[in-house]
Amino acid sequence: MNAIQMILVVLVAFLAGMEGILDEWQFHQPLVACTLIGLVTGHLDLGIILGGQLQMIALGWANIGAAVAPDAALASIASAIILVESGQGTKGVGTATGIAIPLAVAGLFLTMVVRTISTAIIHIMDADAKKASWRKINMWQWIDVCLQGLRIAVPAALLLAIPSTTVQHWLGLMPTWLTQGMSIGGAMVVAVGYAMVINMMASKEVWPFFAIGFALAAIKDLTLIALGAIGLSLALMYLALESKGGNGNGKGGSSSNDNSDTGDPLGDIIDDY
């Protein structure tokens, strides 16, 4: 990896750290972060594959109340760097996925440190607000956001400082049972993450679409583009029926008795007839 690529990797890491708070361009999402790392390092296919697997895991991660989810940005950036420097190609995706999980948990410590510093910065901004010093408020806001970027950029730079031969040597020392176990464990965590999403979204209106997609995915002749087109078509059909059955404005919608609206557009239409 040359100097320009290293600079671009650190830049992507910095943006991923900032987006972990801003949530505007989604650079912190595994699919985006790993793909960008793969793009700037010349391993786009590996970045997309790793990002896809980690994204399935991160689907089940969410900040709920005071509980902070594992750091998907650090896991994505660090595991992508390790995968690229390992030189194992697609064979190393399973190992990188397994490494990403403890990295995500370790990232919580850095998150705690930065948020503790952010709390102190907010008190400084409150004092500047009383003085109506808007310039200082903006300055501290930028400093606070940049700290979030450094939270990912600094570990990424430290990983890049390790020679790729050293990374390959360390990975080569790992016994076969450990690498295979990490691959299997990573695949299981992917399934668990997707199951958590299904559990949160499960409803009588959604289950039929899941069953249809599950059945269509077994057809090997259908490409991802074909499956996406079918899913988009089903979504548009459902939205069209919802506009008629959910608000009673269409001919096939609910009658004048709005109390009969159950929230199920298809059910409202059928019941009306």
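Engineer: Hey, could you run me through the pattern of salt bridges in this one?
Structural biologist: The final tally for this structure, using the stated rule, is one salt bridge. Note that Asp71 and Arg151 form a salt bridge whose closest N and O atoms lie 2.3 Å from each other. One end of the pair, Asp71, is in the loop between helix H3 (44-58) and helix H4 (72-86); the other, Arg151, is in helix H6 (residues 134-161), with 80 residues separating them in the sequence. Judged on exposure class, the residue Asp71 and its partner Arg151 are both buried.

Engineer: Would you take a moment to explain the packing of aromatic side chains for this structure?
Structural biologist: In this description, an aromatic ring pair is defined by two values, namely the gap between the centres and the angle between the planes. Taken as a whole and assessed by the stated rule, the structure comprises three aromatic pairs. Taken together, a centroid distance of 6.1 Å and an interplanar angle of 35° make the contact between Phe210 and Phe214 tilted. Here Phe210 pairs with Phe214, and both are found in helix H9 (residues 207-217), just four residues apart, close to one helical turn. Taking the relative accessible area as the measure of exposure, Phe214 reaches 61% and is therefore exposed. An aromatic cluster is defined as three or more aromatic residues linked by ring pairs; in this entry it consists of Trp207, Phe210 and Phe214.

Engineer: Where do I start with unusual backbone geometry in this structure?
Structural biologist: When glycine is set aside, most residues are seen to have a negative phi, and most peptide bonds are trans. The phi torsion at Gln26 lies on the positive side, around 60°, for a residue other than glycine. Here Gln26 shows up in the loop between helix H1 (3-22) and helix H2 (30-41). Exposure remark for Gln26: the relative accessible area of 27% places this residue in the partly exposed category. Here Ala132, not a glycine, exhibits a phi torsion of approximately 60°, which is positive. According to the relative accessible area criterion, Ala132 is partly exposed, its value standing at 44%.

Engineer: Hey, could you run me through empty space enclosed by the protein in this one?
Structural biologist: The gaps left among the atoms become clear once a water-sized probe is rolled over them. Scanning the model with the defined rule gives one cavity of 30 Å³ or more in all. One number sums up the size of the largest cavity: a volume of about 30 Å³. Looking at the lining of the largest cavity, the elements with two or more residues in it are H2, H3 and H4. Its residues assigned to classes, the lining of the largest cavity comprises six nonpolar, three polar and no charged.

Engineer: Can you walk me through a nonpolar patch on the surface in this structure?
Structural biologist: Side chains of Ile4, Leu8, Leu11 and Leu15 sit close together on the surface and give an oily, nonpolar patch of about 340 Å² of accessible area. Looking at the secondary structure, you find Leu8 in helix H1. On the basis of relative accessible area, Leu8 is assigned to the partly exposed category, the value being 34%.

Engineer: Just to check I follow, could you spell out the confidence of the model for the protein for this structure?
Structural biologist: Where the model shows low pLDDT, its predicted coordinates should not be examined in detail. Counting all residues, the mean pLDDT for the protein is 81, and 83% of those residues have values of 70 or more. Least confident of the elements in the protein is helix H11 (residues 265-272), whose mean pLDDT is 62; most confident is H2, at 93. This model gives residues 248-257 a pLDDT under 50, and the stretch forms 20 contacts once residues within four places in sequence are excluded.

Engineer: Explain H1 here, please?
Structural biologist: Think of an α-helix as 3.6 residues a turn; residues three or four steps apart then line up on the same face. Under the 1.5 Å per step criterion, the end-to-end length of H1 is 28 Å for 20 residues, consistent within 8% with the ideal 28 Å. All buried positions along H1 are accounted for by Gln5, Val9, Val12, Ala13, Ala16, Gly17, Met18 and Glu19. Buried residues along H1 sit in contact with H2, H4 and H6. Put simply, Asn2 is the residue that caps the front of H1, since its side-chain oxygen is 3.2 Å from the backbone nitrogen of Ile4. Just downstream of H1, Asp23 is the residue with a positive phi angle, here 55°.

Engineer: Any chance you could explain H4 here in plain terms?
Structural biologist: With 15 residues, H4 should cover 21 Å at 1.5 Å per step; its first-to-last C-alpha distance of 21 Å lies within 8% of that length. Counting buried residues in H4 gives 15 out of 15 residues, a clear majority hidden from the surface. A distance of 3.2 Å separates the backbone nitrogen of Ala73 from a side-chain oxygen at the start of H4, and that oxygen is part of Asp71. Positive backbone phi, at 70°, marks Gly87, one or two positions downstream of H4.

Calculation rules
- Residues numbered from 1 in each chain as written.
- Predicted model: local features only at pLDDT ≥ 70, side-chain atom pairs only at ≥ 80, totals over all residues.
- Heavy atoms only, no water.
- Salt bridge = Lys/Arg side-chain N within 4 Å of Asp/Glu carboxyl O.
- Helix = DSSP H or I, 4+ residues; strand = E, 2+ residues; numbered from the N terminus.
- Buried < 20%, exposed > 50% of the residue type's maximum accessible area, 1.4 Å probe, protein only.
- Phe/Tyr/Trp six-rings, centres within 6.5 Å; stacked < 30°, edge-to-face > 60°.
- 1 Å grid on protein atoms, 1.4 Å probe; cavity = no way out; pocket = protein on both sides within 12 Å on 5 of 7 lines; lining within 4 Å.
- Points joined across faces, edges and corners; volume = space filled by probe spheres on them.
- Nonpolar A, V, L, I, M, F, W, Y, C, P; charged D, E, K, R; others polar.
- Patch = residues over 30% accessible without salt bridge, like charges linked within 9 Å, V, L, I, M, F, W, Y side chains within 5 Å.
- Areas by Shrake-Rupley, 256 points an atom, 1.4 Å probe, with all protein chains shown as cover.
- pLDDT = per-residue confidence, 0-100.
- Contact = heavy atoms within 4.5 Å.
- Expected span 1.5 Å × (residues − 1).
- Polar contact = N/O pair within 3.5 Å; in protein donor to acceptor, adjacent residues only side chain to side chain.

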